[in-house]
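Inside the fold
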Amino acid sequence: MTDTPPPVEQTPGVDDPLILQEAELLKASQAETGFAALRTYAKAWRIRVKSGDLGALPLIVGLALIIIVFGFAEEVFITPRNFTNLLLQMAGIATIAIGVVFVLLIAEIDLSVAYVSGVAGVVMTLLLRPDDPGWAWYTAILVSLLITTVIGFVTGVIVTKAGVPSFVVTLAGLLVYSGVVLTLTTEASNSGTIRIQDDTVVDIAGSFLSDGLGWLLGIGSVAVFAAVQLWTTLTRRSRGLQTKPLILVVLQIAGLAAVVAWAVWYANRDRGVPFVIVIMLVLLTFWSFIAARTAFGRHIYAVGGNPEAARRAGINVDRIRIAVFMIMGFMAGAGGIILASRIRSVSTGTGGGNLLLNVIAAAVIGGTSLFGGRGRPVNALLGALVIASVANGMDLLGLAAGTKFIVTGLVLLAAVLVDSISKKGRASAGLV
């Protein structure tokens, strides 16, 4: 009687039934056209969701719930006036959060980012004071951005060359730069508040596009998105690579066009699209291109996914980390300038409050993983929309400051839990 070998336990990976089933469905969708391809792709997407790769699904559901809850609780929440205020409130948070996304991509953290943004706002405001020294607006902005970029460089060097954890380095930076903000503002003003006295800087977050320019911005944004999506899909298909069905790409473009058209129309019912949205979209487009279309961007994902493997592949891991912290410093400075322009002044509390919580929450809620290697700059925009909506709704309801902190903290905790559960699901399914 021959012995039969014991059954081999199946391990997650390429032999996982879900992965094999999804791969077969994706392959089938490549050979189909029209709604048949869409149905097959939808089946593959459902399998991926079951495996833990939730994508933007939690964000979409969360945003819908926020709109429903606050819309019923306070009618002002869904008025054109408040929608425009929401765009203004979101812009500064989203700008800083773009930098946070890059830092999280390499599995690091920056706890000093809020006060670094405060340094930029305070330095710019001081340089703009008439005759003291009375610098031109563009020079003051460039110097402020240079200073915050250097701050990012110093942080990156300490983290990489000295081997100190980024949590510790940036926690120390939080204390240092909060002290810098406090010192500069108290020495320059007895009241601790300094008003911005340059109309151009005030107009960064205080001016609005005409109706025609608003529509032009919306059409241009959709056109750029459509061109990139179609070019990517057709190029990958010509090379025999896996891609989304063409009909799905067309539907995504149509969906974005509908959302953008509604947003421009609704903003035009009030004061128009804020000019600061143009700045934010330019920065978002630039950094999205860097992350997705350049070797440097691919190296960032490689370092965040597996630093040792990236090092063995010839990537200068230390240089990538330093560069990412410099990006963080630059974007913190840009966000700080936007926030200062919106308030039209700086004070001893600039960079404080719940700004740090908001920008980190925006990146994580938007879908960027705390574990590194997964996320996109657009996550900052989506997450900032959620955070700003929650904050805006709570302000309209007149909730106490303590309640606001509790709610925002719970929203962040929920996002982290979803990320953690999703990561375990993907690991068990062999997706990571």
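A quick note: this is a predicted structure, and the numbers were derived from the prediction, not measured.

Comments concerning the pattern of salt bridges
Applying the stated criterion across every chain, the model contains eight salt bridges. Asp-132 is the partner of Arg-129 in a salt bridge, and the nearest nitrogen-oxygen pair spans 3.5 Å. With relative accessibility at 21%, the residue Arg-129 sits in the partly exposed group. Between Arg-271 and Asp-270 there is a salt bridge whose closest N-O contact spans 2.7 Å. Classification of Arg-271 as partly exposed rests on a relative accessible area of 28%.

A closer look at a nonpolar patch on the surface
A cluster of nonpolar side chains, contributed by Leu-146, Val-150, Phe-153, Val-154 and Ile-158, occupies part of the molecular surface with about 410 Å² of accessible area. As for its placement among the helices and strands, Leu-146 is situated in helix α6 (residues 137–161).

Notes on the packing of aromatic side chains
In this description, an aromatic ring pair is defined by two values, namely the gap between the centres and the angle between the planes. For the coordinates displayed, the defined rule picks out eight aromatic pairs. Note on Trp-262 and Tyr-266: the rings are 4.8 Å apart at their centroids and 20° apart in plane angle, and the pair reads as stacked. Separated by four residues within a single helix, Trp-262 and Tyr-266 lie in helix α10 (residues 246–268), roughly one turn from each other. Owing to a relative accessible area of 12%, Tyr-266 belongs among the buried residues under this scheme. Following the ring pairs from residue to residue traces out a cluster consisting of Phe-83, Trp-262, Trp-265 and Tyr-266.

Looking at helix α12 (residues 295–305)
Within an α-helix, residues lying three or four positions from one another point in the same direction, as the helix has 3.6 residues per turn. Those residues of α12 lying buried are Gly-297, Ile-300, Val-303 and Gly-304. Projection of α12 onto a plane perpendicular to its axis shows the buried side chains occupying an angular sector of 120°, all on one side. Across α12 from its buried face, at more than 90 degrees, point the exposed residues Arg-298 and Gly-305. For α12, the secondary structure elements touched by its buried residues are α4 (80–105), α11 (275–293), α13 (307–312) and α14 (317–343).

Some details on the side chain of Thr-95
Note on placement: Thr-95 falls in helix α4. For Thr-95, a relative accessible area of 0% translates into the label buried. Excluding anything up to four places from it in sequence, Thr-95 contacts Met-280, Leu-283, Met-331, Ala-334, Gly-335 and Ile-338.

Some points on the environment of Ala-140
One can find Ala-140 in helix α6. Residue classification places Ala-140 among the buried residues on the basis of a relative accessible area of 0%.

Section: the packing of helix α9 (residues 211–238) against α11
One can describe the packing of α9 onto α11 by two numbers: an axis separation of 12 Å at closest approach and a directional angle of 10°. In terms of orientation, α9 lies roughly parallel with respect to α11. For the pair α9 and α11, contact is made by Leu-217, Ser-221, Val-228, Trp-231 and Thr-232 and by Val-278, Leu-281 and Arg-293, respectively. For the contact of α9 with α11, the class distribution of residues is five nonpolar, two polar and one charged.

The rules behind the values
Residues numbered from 1 in each chain as written. Predicted model: local features only at pLDDT ≥ 70, side-chain atom pairs only at ≥ 80, totals over all residues. Heavy atoms only, no water. Salt bridge = Lys/Arg side-chain N within 4 Å of Asp/Glu carboxyl O. Buried < 20%, exposed > 50% of the residue type's maximum accessible area, 1.4 Å probe, protein only. Patch = residues over 30% accessible without salt bridge, like charges linked within 9 Å, V, L, I, M, F, W, Y side chains within 5 Å. Areas by Shrake-Rupley, 256 points an atom, 1.4 Å probe, with all protein chains shown as cover. Helix = DSSP H or I, 4+ residues; strand = E, 2+ residues; numbered from the N terminus. Phe/Tyr/Trp six-rings, centres within 6.5 Å; stacked < 30°, edge-to-face > 60°. Arc of directions from axis to C-beta. Contact = heavy atoms within 4.5 Å. Axes fitted to C-alpha atoms, helices over the stretch in contact; angles between N-to-C directions. Parallel < 35°, antiparallel > 145°, perpendicular 65-115°, else oblique. Nonpolar A, V, L, I, M, F, W, Y, C, P; charged D, E, K, R; others polar.

In short, geometric facts, not functional conclusions.
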